[in-house]
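# Descriptive analysis of the structure
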Amino acid sequence: MMERSMRTVLLLRLFTIVTLTISMGSCNGNLAVLCKESERDALLKFRQDLKDPANRLLSWGGGGDCCKWTGVVCDNITGHILELHLSKPDSVWVKVNPILGSKINPSLLILKHLRYLDLSKNDFQGIQIPAFFGSLKSLRYLNLSYAGFEGTIPHQLGNLSCLRDLHLDNYNGVNIVESLHWISGLSQLEYLDMSRVNLSKASDHWLQVINKHAPLFGRVAFVPMWFLSLRNLASLDLFGCGFQGPIPGSPHNITSLREIDLAQNSLTLPIPEWLFNHRELTLLRLGYNHFGGPFPSGIVNMTGLKTLHLESNNFHSSIPKWLYSLKNLESIRLSSNKLDGEILSDIGNLTSIAELNLDDNLLKGKIPNTMGYLRELISLDLSTNNFNGNNQLYGEIQNIDAAQGSTVDLSFNQFNGSLPVVSSAVDLLDLSNSSFSGSVFHFFCDKIDIPKRVSFLLLGNNLLSGNIPDCWKNWGFLQVLNLGNNNLSGNILSSLGSLNLRSLHLRNNSLSGELPPSLMYSMNMRVLDLGENKFVGSLPAAMIENGYSSLVVLNLRSNKLHGDIPDELCALNNLQILDLADNNLSGTIPRCFQNFSAMVVVPISDGSIEWLNIVDYGRYIDSSFLVTKGREVEYSKILGWVTSMDLSANAISGEMPEELTSLISLQNLNISGNHR
């Protein structure tokens, strides 16, 4: 399932500054100025402590001019280092993952003039954000997003009084803030992104404001005191921070806001008037909350709005006619509400719209022909409504030609014939739940000299057949691959392990052979479903021991695997669902199963197994099948809350280990049909 939520932080002002800085550094100024020796030595010490498996910093040599090194920008007059651009590049397929990691040397403190530091999209393997970053007093831009930092965010960051842009968002809420007083020191801050930062421990430092409607809703709105002091704030991103209750009223002194993202919290009505008074607002994201009632009428005044996301709430009314007059809108997400009535022909007025998601509502009538006027449209989802007339698509598709970064969702239709040839520009492709048939060779191997940008590829529940070909070299962006519920046969080729997949679904085919050890390279895999095939051999202990440290779901059900269950399986401490049922496994149940810590504690996720796609900032929610009491059920939105272990219908012997009783959050345990 894909619930796409564009995470846009428009830093045009910033990019202009960066461009000018780089251009000035390469103009006809004093080209003889070299970088400072002390600053070059500081960079060398910094590099010495980094892991750089792809040699991205190969140019960082001992005696050269460090102003010419990769990612380094200097002042062309003084030679001082001004900027470090070390974010992981969005590159095409590479043999070695181009991430930086390990630890951060405090030698960066030598860079007294450093004003731009970007370490985003790397992997620092759970270390805490260094407190000494707060001593880099010249910083104006700091980006630590998706860089693998964990633990408490240091309050010393509040010393960065010149900071204008601060990005601390991460995947899974492992960054914690124990106090928010320090943010009040960032008086120049314009862009703040603390998405998915755990703010629960900071609640005792917040100003509680009882909204006049609070007695009615039984909620208290918590207003961070620092919020009222950031008068220059232009972009506020508090996605997934655990806020609850109504949005507080009246931060009158913040007039510069252009972007507000409060999605995926537990916010309730009323939506305050001050929010709608920001007529220059370009982005408003309030999705995945608990709002309800009629469509918010105050939005009619927000004529500068480009992005409006209200998905997964409980709004129940028709779509107001005035919405079609907001001609600057480029992205509308109203999915998963209770909107009814018809889509008016006025929708043709939204000539700038590129993304329109109205799925999972109660809309009816016919889809208006004026939808054809939307020339800029890249992504359209109208599924799961009550439209009448013949709106289901059928027939064959020869080619899909789309603009760069497009989302193509043609799922749940009646297409037949071979899979179409797809443009290399597509980011998300969903052709699942249809009747495509035949070989997949031409689909994966067409134009093998052109890299594919597809990150989510969903081809499950069709009639596809034949072998899975060896054409993965140009599919390096792929994160999710679903080929389940088809008629595919043959072995899984080792080349599939070259992909950095997060989710692989090959269930319910006729695949055979042994599981290739190369799959161990998918270190970020969270869901692996190879059930209901014809795989043979033993469970590959080396594959389990050396990879899959993030694995949450492992399904090898209904194959022909044999041998003992290896102790190495116990290293998967994030595992919540283990299904090895209906094989020919023998031996005893390992006592070290007590190491499955995710089955000991209550899951703390919001219910879904999800992640952001860094390429297009989409949000993917995974799914998995679970058999309980003979009934197979597919879980998606609550998958992250499910814990299950199924070892039934094997040849396992011996007593049930007492250690299994420590798995107090295990919801389903089935060891029936064994030789105990």
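Preceding this section is the structure that the text describes.
My aim in this report is to walk through the structure given alongside it, one point at a time. These figures come from a predicted structure and were not determined experimentally. Just so you know, the residues in each chain are numbered from 1, in the order the chain's sequence is written. The predicted origin of the model limits local features to residues at a pLDDT of at least 70 and limits the giving and counting of side-chain atom pairs to 80 or more, whereas totals for whole chains, interfaces and linings rest on all residues. By convention in this description, side-chain values take in all heavy atoms of the structure and omit both hydrogens and water.

## A closer look at the overall build of the protein
Per the convention used, a helix needs a DSSP run of H or I reaching at least four residues, while a strand needs a run of E reaching at least two, with both numbered from the N terminus. A count of helical and extended segments in the protein gives 6 helices and 50 strands. Out of the 676 residues in the protein, the part that is buried amounts to 55%. Residue contacts are defined here by distance: any two heavy atoms, one from each residue, within 4.5 Å place the two residues in contact. Long-range pairs, those at least 24 residues apart, make up 59% of the contacts in the protein with a sequence separation of at least 6. Relative accessibility thresholds used throughout: buried, under 20% of the residue-type maximum; exposed, over 50%; partly exposed, between the two (1.4 Å probe, protein chains only).

## Some remarks on the sheet that holds strand β39 (residues 527-529)
Remark on secondary structure: sheet strands pair via backbone hydrogen bonds, oriented parallel or antiparallel. Strand order in the open sheet formed by 10 strands is β28-β31-β33-β35-β37-β39-β41-β43-β49-β50, and the pairing between neighbours is parallel. At either end of the open sheet lies a strand with only one pairing partner, and these are β28 (407-409) and β50 (668-670). Each strand axis lies, on average, 10° off the axis of its neighbour in the sheet, ignoring direction. Pairing analysis gives 3 bridges linking strand β31 (residues 428-430) to strand β33 (residues 456-458), with the strands arranged parallel. In the sheet register, D430 faces β33, and the bridge partner there is L458. In short, DSSP must find at least two bridges between two strands for them to pair. As a rule, the C-alpha atoms of each element are fitted with a line to give its axis, helices using only the stretch in contact, and angles between N-to-C directions run from 0 to 180 degrees.

## Regarding the pattern of salt bridges
Any carboxyl oxygen of Asp or Glu that lies within 4 Å of a side-chain nitrogen of Lys or Arg is treated as forming a salt bridge with it. Scanning all chains against the criterion turns up 9 salt bridges. Here D427 and R453 are joined by a salt bridge, their closest N and O atoms 3.2 Å apart. Pair noted here: D427 is in the loop between β30 (421-422) and β31 and R453 is in the loop between α5 (441-445) and β33, with a separation of 26 residues, a long-range link. Among the residues examined, D427 registers a relative accessible area of 2% and is labelled buried.

## Some points on the state of the cysteines
The disulfide criterion is simple: two cysteine sulfur atoms within 2.5 Å. Enumeration over the complete set of coordinates arrives at 4 disulfides. Shown here is the disulfide that connects C445 with C471, its sulfur atoms set 1.8 Å apart. Across the S-S bond linking C445 and C471, the dihedral sits near 90°, which makes this disulfide right-handed. A residue pair is termed long-range when its members are at least 10 positions apart, and C445 in helix α5 and C471 in the loop between β34 (463-467) and β35 (480-482) qualify at 26 residues.

## Regarding the nonpolar core
For soluble globular proteins, nonpolar side chains are generally found buried alongside one another. L84 and F133 are the most contacted members of the largest nonpolar core, which totals 92 residues. If we ignore the near neighbours within four places in the chain, the residues touching F133 are I104, L108, L117, L119, L139, L144, L157 and L160. The criterion is simple. A nonpolar core is a set of buried Ala, Val, Leu, Ile, Met, Phe, Trp, Tyr and Cys residues joined through side-chain atoms within 4.5 Å.

## Looking at the packing of aromatic side chains
Two rings from Phe, Tyr or Trp (for Trp, the six-membered ring) form a pair when their centres are within 6.5 Å of each other. A pair whose planes differ by under 30 degrees is stacked, one over 60 is edge-to-face, and the rest are tilted. Summed over the entire model, instances satisfying the criterion amount to 14 aromatic pairs. Here F124 and F149 contribute two aromatic rings whose centre-to-centre distance is 5.0 Å and whose plane-to-plane angle is 10°, an arrangement assigned as stacked. Here the residue F124 occupies a position in the loop between β5 (116-118) and β6 (141-143), and F149 occupies one in the loop between β6 and β7 (151-152), the gap between them amounting to 25 residues. Accessibility expressed as a relative area gives 1% for F124, which makes it buried.

## Re the pairing of strand β48 (residues 631-635)
Direction of pairing for strand β47 (residues 624-628) relative to β48: antiparallel, over a ladder of 5 bridges. Residue V627 lies in a different strand from β48, and its bridge partner there is E632. Between β47 and β48, which follow one another and run antiparallel, lie 2 residues, and K629 among them has a positive phi close to 55°.

## Thoughts on the environment of A54
Here A54 lies in the loop between β1 (50-51) and β2 (72-74). With relative accessibility at 29%, the residue A54 sits in the partly exposed group. With 45 residues separating them in the primary sequence, A54 and I99 have C-alpha atoms 7.4 Å apart.

## Describing the pairing of strand β36 (residues 487-491)
Relative to β36, β34 runs parallel, the two sharing 3 bridges. If you follow S465 over to β36, its bridge partner there is N487. Inspection of the sheet shows β36 paired to strand β38 (residues 510-514) by 3 bridges, in the parallel sense. Its bridge partner being in β38, S489 is matched across the sheet by S510.

## A closer look at the side chain of S648
Tracing the backbone through its elements, the reader meets S648 in the loop between β49 (644-646) and β50. Contacts of S648, omitting those with residues within four sequence positions, involve A581, D582, N670, I671, S672 and N674.

## Brief notes about the environment of W182
Summarising the element assignment, W182 is placed in the loop between β9 (175-176) and β10 (191-193). Put simply, W182 and P154 are 28 residues apart on the chain and 9.0 Å apart in space, counted from C-alpha to C-alpha.

## A look at helix α2 (residues 37-48)
Between the first and last C-alpha of α2 there are 16 Å, a value that for 12 residues agrees with the 16 Å anticipated at 1.5 Å per step. For α2, every residue scored as buried is listed here: E39, R40, A42, L43 and F46. Projected down its long axis, α2 shows its buried positions confined to an angular sector of 155°, all on one face. More than 90 degrees from the buried face of α2, the exposed residues found are E37 and Q48. Buried positions along α2 lie against β1, β2 and β3 (81-85). Here the expected length of a helix is defined as 1.5 Å per residue gap, with one fewer gap than residues. Here the arc refers to the directions that run from the helix axis out to each C-beta atom.

## Details of unusual backbone geometry
Generally, phi is negative for residues other than glycine and the peptide bonds are trans, each holding for most cases. For the bond from L269 to P270, the omega torsion is 0°, close enough to zero to count as cis. Inspection of the secondary structure assignment puts P270 in the loop between β16 (266-268) and α4 (273-276). At S312, a residue that is not glycine, the phi angle is positive and equals roughly 55°. Locating S312 in the fold gives a position in the loop between β19 (307-309) and β20 (314-315). Although it is not a glycine, N461 adopts a positive phi angle of roughly 60°. Relative to the helices and strands, N461 resides in the loop between β33 and β34.

## Concerning the environment of L554
Position of L554 relative to the elements: it lies in strand β41 (residues 553-555). Owing to a relative accessible area of 6%, L554 belongs among the buried residues under this scheme. With 22 residues separating them along the chain, L554 and Q576 place their C-alpha atoms 8.5 Å apart. For L554, the residues in contact, after removing those within four places along its chain, are L528, L569, L572, L575, I577, L578 and D579.

Keep in mind these values describe shape, not function.
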